[in-house]
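# Coordinate analysis (summary)
Spelled out, the chains give:
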There are 4 protein chains.
Amino acid sequence: MTTPDTLPAEVARDISEFTLEVPSWGYGNSGTRFKVFGTPGTPRDPFEKLTDAAQTHAYTGSSPRVSLHYPWDKVDDFGELRRYADDLGLQIGMINSNTFQEDEYKFGSLTAGDKTVRRRAIDHHLECIDVMRATGSKELKIWLADGTNYAGQDSIRARQDRLAESLAEIYLGLGEDERLVLEYKFFEPSFYHTDVPDWGTSLLHVQALGEKALVVLDTGHHAPGTNIEFIVAQLLRQNRLGAFDFNSRNYADDDLIVGSADPFQLFRILFEIVQVGAHRPGSGVNFMLDQCHYLESKIQAQIRSVLNVQETLAKTLLVDLEALADAQERNDVMEANAILMDAFWTDVRPGLAALREERGLPADPFAAFRASGYEEKVAAERVGGNQMGWGA
Amino acid sequence: MTTPDTLPAEVARDISEFTLEVPSWGYGNSGTRFKVFGTPGTPRDPFEKLTDAAQTHAYTGSSPRVSLHYPWDKVDDFGELRRYADDLGLQIGMINSNTFQEDEYKFGSLTAGDKTVRRRAIDHHLECIDVMRATGSKELKIWLADGTNYAGQDSIRARQDRLAESLAEIYLGLGEDERLVLEYKFFEPSFYHTDVPDWGTSLLHVQALGEKALVVLDTGHHAPGTNIEFIVAQLLRQNRLGAFDFNSRNYADDDLIVGSADPFQLFRILFEIVQVGAHRPGSGVNFMLDQCHYLESKIQAQIRSVLNVQETLAKTLLVDLEALADAQERNDVMEANAILMDAFWTDVRPGLAALREERGLPADPFAAFRASGYEEKVAAERVGGNQMGWGA
Amino acid sequence: MTTPDTLPAEVARDISEFTLEVPSWGYGNSGTRFKVFGTPGTPRDPFEKLTDAAQTHAYTGSSPRVSLHYPWDKVDDFGELRRYADDLGLQIGMINSNTFQEDEYKFGSLTAGDKTVRRRAIDHHLECIDVMRATGSKELKIWLADGTNYAGQDSIRARQDRLAESLAEIYLGLGEDERLVLEYKFFEPSFYHTDVPDWGTSLLHVQALGEKALVVLDTGHHAPGTNIEFIVAQLLRQNRLGAFDFNSRNYADDDLIVGSADPFQLFRILFEIVQVGAHRPGSGVNFMLDQCHYLESKIQAQIRSVLNVQETLAKTLLVDLEALADAQERNDVMEANAILMDAFWTDVRPGLAALREERGLPADPFAAFRASGYEEKVAAERVGGNQMGWGA
Amino acid sequence: MTTPDTLPAEVARDISEFTLEVPSWGYGNSGTRFKVFGTPGTPRDPFEKLTDAAQTHAYTGSSPRVSLHYPWDKVDDFGELRRYADDLGLQIGMINSNTFQEDEYKFGSLTAGDKTVRRRAIDHHLECIDVMRATGSKELKIWLADGTNYAGQDSIRARQDRLAESLAEIYLGLGEDERLVLEYKFFEPSFYHTDVPDWGTSLLHVQALGEKALVVLDTGHHAPGTNIEFIVAQLLRQNRLGAFDFNSRNYADDDLIVGSADPFQLFRILFEIVQVGAHRPGSGVNFMLDQCHYLESKIQAQIRSVLNVQETLAKTLLVDLEALADAQERNDVMEANAILMDAFWTDVRPGLAALREERGLPADPFAAFRASGYEEKVAAERVGGNQMGWGA
């Protein structure tokens, strides 16, 4: 198949209904341990972050939810923030807890040997649940920086036990319709061992908690060479894939624009998703971006990211599943692979442009935003005050 | 602590009681896809392999069990092989199934789409259980080469389902006192996806089977940078660590002598073991070597491997656990690490030599074997016939 | 740009003139250390390999040269082989030496400590030069399996010195219009150290030899995460990139179909090539495939590989270089990346199909070959005799 | 050999004469992109850093030089700093340039497309040479953060050309007895391509500059699995190894205490050094630490690092080179490896303790420093002011 001018109806429907959550911190400054670069126009408070996030949604029509990071996005009145989002046509998405920027968490938070520290970390998560209720969010996202840098620094096993206890107490704080998602990460900021380093560990903990606990898969949090689509398939098979943190990496947790480093990997990941219909609303999988933009324009990068996921999703929806199953059954390796690649190489951009125009959106959201003058406007307006970054 | 002339009594006892299983195929030829090198004196049948394995045990006093690989070690009368082992002071250990050297397994065995192939692969495992009964073995070890080389070649998810069904049928074949251990491997011989690539997948399958199913951890089967001692701790915490395949690697599944590539890693792994007493007889963890010796002398390499594990185990048993726990509680990173390293750097060789002499063994098994003339003798005697290697 | 029905004239010219060399061994059996699978119809001698290679060329019009491996492709009369190739419309390409399948090379060949072994290895290469002259080849390709498996096994430094001496003697054997290319490889079959592990080492040796010595870059021979296009740019900058071995990898030297694992990487590599015109005939870079096909149809896989490189090359030729340079100069990261990606996502298949038909070739070489009945024919005809594989 | 109470005379001499340079920034705060943790007593200016560095030297007798980072260590009067060091019995070692913390270097420094930026970066290095002259330093160390995050962001090749030009201008600024060392790094803070990613690139640039330019090898700056001792051997063979940055890593550039992650790797690296006598004063190799201590006590960590290198060096000096050469010549893999490991497992701590006492140093510098009360003293004294960290 080559370059359909319009997408098949069911593909168009799925694309129209598919949404991505964007991270509030994706609109603030970030960087590496070497340097955080600022840019004119960077938001100075959570309200301005939402204002920028609304741009992404305005141009793509596909990113109506914004994740908050607590306490980075702490405001006096979360109800006001919620109403502000509402006025912008946005909803507040997941609430991300943060136990890695206080001095007391130096040696761990939910896993710390010190009971007082653990208590405080648990309480922080309960506070996040309060924020959820004040903002209309239904999901608590937990990523822990916990781990050690040297062999012997602490007991790997004791920390697992303490983690299990801490999570259990947080879980009890969840309401009926609320859920908790637990993220795993291979390494960084811990360099010897990480307390939740892999999907197996995350899964064991959420299974122990109950049905409202699920796993978050961040595409940048794996060892080199890991087949991520296999993990996606496995977590879906266990009904425990709660959310995605999309981004790209070449080396470590590089947090680059999703689809920029290895677009074919993104295709393979989404193909596991669409095969079981998990891309559809109501599947229980929350698709989210989690990226840092420290060299490039932040809003442009978020728009590009939404487009990358959308284009790739459209490609996976074009795979001829019947022909594929037939080739697989015959062990026709060359044909089966060719069927997959045919969809990957199909240029879905004209079809998506047509669909966007039908939906009253710009055919090329990236170009339209660049031409809008928004960036110049906020650069001129947002003068004075502190730009927001990784920090409250 | 520096160089005790004798080991503390409880360390000496633990070392004396600790045993390692050796692989029959470690005494045969092996190599890489580029070349298998033969050596004069290499066994020509399973009986000669046992004869060589008995040398390792004779010199170390610590390797009384020999794993078999089926059908590589197929003989007309397994009862005869068992009696032969018995006469040598050996027991038959795990029976390793093999579904990767028949043409029909080209596209999978327990995961294959073709029912006839799956049937045959299941039957092969049931046959392995028969071999267990004929040889006195109580454990079936399953490592699968199953996987694919190209995206789209087969359905990752369907293969998981088929694997689960196949394993369930094999599991039903086990007797009350028999068990099954399932090995995972990151990659090779499959280069796109592997059906049991990580500990999480192996654990999910054995949990689904029941209490007689456990996970095998091969130290060479992980992604670069993986913290293996963490996995050891996690599997022990789940009571699902059934067996170890010890070896070393720098790159992929290099199958080098255990402890030769990164001796400190071996120390950290064994330290997780001894902290919960899992090195003791009756813990349910079967410690085994799984290595290829294609450049070096095979029996010497097996003896060296036993010594490496023994020396490292002794070091871990010397860790001052009380002082360590105290330093950990105080978050004294430098002290905690120093306590661990003190044990690592302690020279346990004199103490082990003394212990061996007490047990009627040569103080230096490696030197003693080299001086024994055994290798020259078998090189002269074992003339004619085909040397055994990876193949029945 | 989206889906041009015809390619721009200069792109069409470049594609028409671009050729890939195919490996004779790509038409024989191969596999992993676990198993080599045979397939009906596999060639039984070098002549049949050429016959199959001619199919790839017949359908793609772009693979007129065949690399030989010596002694795998040894025949009584190389002149006859050359004439046979000529009749098929093929030329003999590079002659690949082989010093990894004889027992005496167990501990090294050109680097071996034993002078007799080194002598023999040098003589083997001089013999390869004779084969070049008998077949019309102008290039000697050297890949060495030399290395060690254990620290201390041999002196890393002494082996470098011996390698330099051996290469110097081989270099002296080259005629005016002949050249030598030296390949590097990260690991395998050596698992502790490899004597030519990286481009830096290969470059140092070829620089020491003289202008007729160059580096071969095999896309599967790098550490995880290595930016290969950087190395391409660097070697081109030094005028020392002599040849490519194309293939794909996810883990180690997986030898999969080029472009199948990470098509965007192939695009980035070729983009470095086209920016300096090194894809054009006469640039001095010999583009070659070096792959193993042990699950999939060998001829289909070679055809697919030629198409993958051709399609990707066409995409790189579509990059708007002027706009790119402009965006780079303005540090417009988003725009610069977008310009590159626009070319990557452009569907060049219709344009290439049109070009092929213009050249008298099938629009879809893959489908045309599959429909031709050739595979069924040779499967029926090539009965009896030994199928060729990795071995003479 | 096991636990000599005293070291052989020539080993004792080599150990006594061997010195390590310490980094001024190792005494300041550091951390990850997630958090920089402060500690009571952390230096508030370069003078206090030197005061702390003097402690490391006082207890080990082996770290008389301190590297400065410019402008982190900028003071009004470098002559005063030099005299201060002199009074403490210290010398100023290498001057490290810094072009990664100014906004203008966002898109590169010596490689930047913008001429003004390049000019400023070159001038910064010339200013560093002035600092060298004011402090008595003879070496300029260059590590560049330059690179890109996205394919297409800039021209890999053009950046190499600009780098070469910039370096040439800096090189011209060096005096007769001054030299420049160029560091390479695999990745971070750039995540797509790095302008000096590997030893080959660094070597090409320093070769082009002249004899006063050499390569710096940081043990944490390589791809996973890289055999670092091979690179050491290769650079020594080219007489271009100028300096070491010692530290440890498990994943990326973790900057942990040298020898803590893989002590056997450190042994293998130093063994390549001692085999050609490059550990001796006057060899031209400057051995330096480059580490971050953000969880552990900084001075303790520096002392431990010196001890780790010293102990490991002593072990390498105990290798029986004659026996090793003999075993290597006979291709006796097991024996050759055993000879190396014998030295590795020898406990050199008693011998080093005896040597220290002979030299008037504490037998156990680590314990002695911990007991000294110095840390408590500076924690009480250094109140008020800003703790120094990564930043001027």
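Above: the structure in question.
Structure report, in brief. (Residues numbered from 1 in each chain as written. Chains lettered and ligands numbered in written order. Predicted model: local features only at pLDDT ≥ 70, side-chain atom pairs only at ≥ 80, totals over all residues. Heavy atoms only, no water.)

## Topic: the overall build of chain A
Within chain A, the secondary structure is distributed over 14 helices and 10 strands. Computed over its C-alpha atoms, the radius of gyration of chain A comes to 21 Å, within 12% of the 21 Å expected for a compact globule of 392 residues. Principal-axis analysis of the C-alpha atoms places the extent of chain A at approximately 60 × 55 × 40 Å. By the burial criterion, 71% of the 392 residues in chain A qualify as buried. Accessible surface, chain A: about 12200 Å² in total, of which carbon and sulfur atoms supply 47%. (Helix = DSSP H or I, 4+ residues; strand = E, 2+ residues; numbered from the N terminus. Rg over C-alpha atoms; globule rule 2.2 N^0.38 Å. Buried < 20%, exposed > 50% of the residue type's maximum accessible area, 1.4 Å probe, protein only. Areas by Shrake-Rupley, 256 points an atom, 1.4 Å probe, with all protein chains shown as cover.)

## Let's talk about helix 6 (residues 199-209) of chain B
The element helix 6 of chain B is largely enclosed, with a buried count of 9 among its 11 residues. All of the buried residues along helix 6 of chain B are W199(B), G200(B), T201(B), S202(B), L203(B), L204(B), H205(B), V206(B) and L209(B).

## Digging into the interface of chain A and chain B
Listed by partner, the interface residues are 49 residues for chain A and 49 residues for chain B. Here chain A meets chain B over a buried area of about 4000 Å², counting both sides, of which 61% is carbon and sulfur. At the boundary of chain A and chain B, one finds 2 salt bridges. Ionic pairing is found between R237(B) and D161(A), a salt bridge with its closest N-O pair at 2.7 Å. For the pair chain A and chain B, the number of links is 16 residue pairs in polar contact (both at pLDDT 80 or more). Broken down by secondary-structure element, the contributors of at least two residues to the side of chain A that touches chain B are helix 5 (156-172), strand 7 (193-194), helix 6 (199-209), helix 7 (228-237), helix 8 (263-275), helix 10 (321-329) and helix 11 (333-345) of chain A. Broken down by element, the residue count for the side of chain A that touches chain B peaks at 7 residues, all from helix 6 of chain A. Of the residues assigned to the side of chain A that touches chain B, the class counts are 22 nonpolar, 18 polar and 9 charged. (Contact = heavy atoms within 4.5 Å. Buried area = accessible area lost by both parts, 1.4 Å probe. Salt bridge = Lys/Arg side-chain N within 4 Å of Asp/Glu carboxyl O. Polar contact = N/O pair within 3.5 Å; in protein donor to acceptor, adjacent residues only side chain to side chain. Nonpolar A, V, L, I, M, F, W, Y, C, P; charged D, E, K, R; others polar.)

## As for the state of the cysteines
Residue and element names in this part refer to chain C. With the rule as written, the count across this model stands at 0 disulfides over all chains. Free cysteine C128: the closest other cysteine sulfur is in C292, separated by 19 Å. Residue C128 is classed as buried on the basis of its relative accessible area of 0%. (Disulfide = S-S within 2.5 Å.)

## Regarding the pattern of salt bridges
All names here are of chain A. This model, assessed by the stated rule, comprises 140 salt bridges over all chains. A salt bridge links D177 to K138; the nearest nitrogen and oxygen atoms lie 3.0 Å apart. In this pair, D177 is assigned in the loop between helix 5 and strand 6 (179-183) and K138 in the loop between helix 4 (115-135) and strand 4 (139-142), connecting sequence segments 39 residues apart. Owing to a relative accessible area of 41%, K138 belongs among the partly exposed residues under this scheme.

## Looking at unusual backbone geometry
Here the amide bond leading from E188(C) into P189(C) is cis, since omega sits at 10°, within 30 degrees of zero. Along the polypeptide, P189(C) turns up in the loop between strand 6 (179-183) and strand 7 (193-194). A cis amide bond links Y70(D) to the next residue, P71(D), at an omega of 15°. Residue position: P71(D) is located in the loop between strand 2 (65-69) and helix 3 (78-87). Here N331(B), not a glycine, exhibits a phi torsion of approximately 55°, which is positive. If you trace the backbone, N331(B) turns up in the loop between helix 10 (321-329) and helix 11 (333-345). A residue is classified by how much of its surface remains accessible, and N331(B), at 32% relative accessible area, is partly exposed.

## Quick notes on helix 4 (residues 115-135) of chain C
Residue and element names in this part refer to chain C. Between its terminal C-alpha atoms helix 4 stretches 30 Å, which fits the 30 Å expected from 21 residues at 1.5 Å a residue. When helix 4 is considered as a whole, its buried residues turn out to be V117, R118, A121, I122, H124, H125, C128, I129, V131, M132 and T135. Angularly, the buried residues of helix 4 cover 160° about the axis, an arc narrow enough to put them on a single face. Residues of helix 4 that are exposed and angled more than 90 degrees away from the buried face: K115 and T116. Looking at the buried positions of helix 4, the neighbouring elements they touch are strand 2 (65-69), helix 3 (78-87), strand 3 (91-96), strand 4 (139-142), helix 5 (156-172) and strand 6. (Expected span 1.5 Å × (residues − 1). Arc of directions from axis to C-beta.)

## Some points on the relation of the copies chain A and chain B
Expressed as a screw transformation, the operator carrying chain A onto chain B has a rotation angle of 180° and an axial translation of 0.0 Å, and the superposed copies differ by an RMSD of 0.0 Å. Such a combination of rotation and displacement between the chain copies is what one expects of a two-fold axis. When C-alpha positions in chain A are compared against the rotation axis, the closest is assigned to G200(A), at 2.2 Å. Looking at chain A, 100% of its interface residues are interface residues in chain B too, so the copies touch through the same face. (Least-squares fit on C-alpha atoms with pLDDT ≥ 70 in both.)

## With respect to the relation of the copies chain C and chain A
Superposition of chain C onto chain A requires a rotation of 180° combined with a translation of 0.0 Å along the rotation axis, giving an RMSD of 0.0 Å. In this assembly, 97% of the residues forming the interface of chain C have copies in chain A that are likewise at the interface, indicating an isologous arrangement.

## Description of the interface of chain C and chain A
The interface is formed by 37 residues belonging to chain C together with 36 residues belonging to chain A. Buried area between chain C and chain A, summed over both chains or domains, comes out near 2800 Å², and the portion from carbon and sulfur atoms is 59%. Scanning the region where chain C abuts chain A turns up 6 salt bridges. Among the salt bridges present, the one from D332(A) reaches R370(C), with a minimum N-O distance of 2.5 Å. Our enumeration of links across chain C and chain A arrives at 4 residue pairs in polar contact (both at pLDDT 80 or more). Sort the elements by how many residues they give to the side of chain C that touches chain A and helix 11 (residues 333-345) of chain C lands first, with 8 residues.

## Considerations on the environment of E296(D)
Note on placement: E296(D) falls in the loop between strand 10 (286-289) and helix 9 (298-317). Once the C-alpha coordinates of E296(D) and A213(D) are considered, the two residues, 83 residues apart in sequence, prove to be 35 Å apart. The residues contacting E296(D), other than those within four sequence positions of it, are Y150(A), V333(B), M334(B), I257(D) and A301(D). Side chain to side chain, E296(D) and Y150(A) meet in a polar contact 2.7 Å long. Engagement of the side chain of E296(D) in a polar contact is seen with the side chain of H293(D), the distance being 3.0 Å.

## Things to note about the packing of helix 2 (residues 46-60) of chain C against helix 9 (residues 298-317) of chain C
Residues and elements named next belong to chain C. Two elements in contact, helix 2 and helix 9, have axes separated by 9 Å at closest approach and are oriented at 40°. Judged by the angle between their axes, helix 2 and helix 9 are oblique. Crossing angle aside, the handedness with which helix 2 passes helix 9 is right-handed. Together, D52, Q55, T56, Y59 and T60 of helix 2 and I299, Q302, I303, V306, L307 and Q310 of helix 9 make up the contact between the two elements. (Axes fitted to C-alpha atoms, helices over the stretch in contact; angles between N-to-C directions. Parallel < 35°, antiparallel > 145°, perpendicular 65-115°, else oblique. Left-handed = near helix turned anticlockwise from the far one by under 90°.)

## Structural notes on the side chain of N149(D)
Positionally, N149(D) belongs in the loop between strand 5 (147-148) and helix 5 (156-172). Judged by relative accessible area, N149(D) falls into the buried class, the value being 2%. Reaching out from N149(D), the side chain makes a polar contact with the side chain of Y294(A) at a distance of 3.2 Å. Among the polar contacts listed, one links the side chain of N149(D) to the backbone nitrogen of F191(D), at a separation of 2.9 Å. Each residue touching N149(D), except ones within four places of it in the same chain, is listed here: L256(A), Y294(A), L295(A), P189(D), S190(D), F191(D) and Y192(D).

## Side note on the packing of aromatic side chains
Within the structure shown, the criterion is met by 96 aromatic pairs over all chains. Taken together, a centroid distance of 5.4 Å and an interplanar angle of 85° make the contact between F34(B) and F100(C) edge-to-face. Within this pair, whereas F34(B) is found in the loop between strand 1 (21-23) and helix 2 (46-60), its partner F100(C) is found in the loop between strand 3 and helix 4, the two belonging to separate chains. Assigned by exposure class, F34(B) and F100(C) land together as buried. Put simply, the rings of F264(A), F267(A), F271(A), F344(A), W345(A), F264(C), F267(C), F271(C), F344(C) and W345(C) touch in pairs and so form one group of aromatic residues. The ring of F344(D) has K315(D) lying over it, and the distance from NZ or CZ to the ring centre is 5.6 Å. (Phe/Tyr/Trp six-rings, centres within 6.5 Å; stacked < 30°, edge-to-face > 60°. Lys NZ or Arg CZ within 6 Å of the ring centre and 35° of its normal.)

## Observations concerning the pairing of strand 4 of chain C
Taken residue by residue, a regular strand's side chains alternate between the two faces of the sheet. Residues and elements named next belong to chain C. Here strand 4 shows no split at all, with E139 and K141 on one side and L140 and I142 on the other all buried. The pairing of strand 4 with strand 6 spans 4 bridges and is parallel. Bridge pairing in strand 6 places E139 opposite R179. (Pairing = 2+ DSSP bridges.)

## Describing the side chain of T346(C)
Relative to the helices and strands, T346(C) resides in the loop between helix 11 and helix 12 (349-358). From its side chain, T346(C) meets the backbone oxygen of D342(C) in a polar contact 2.6 Å long.

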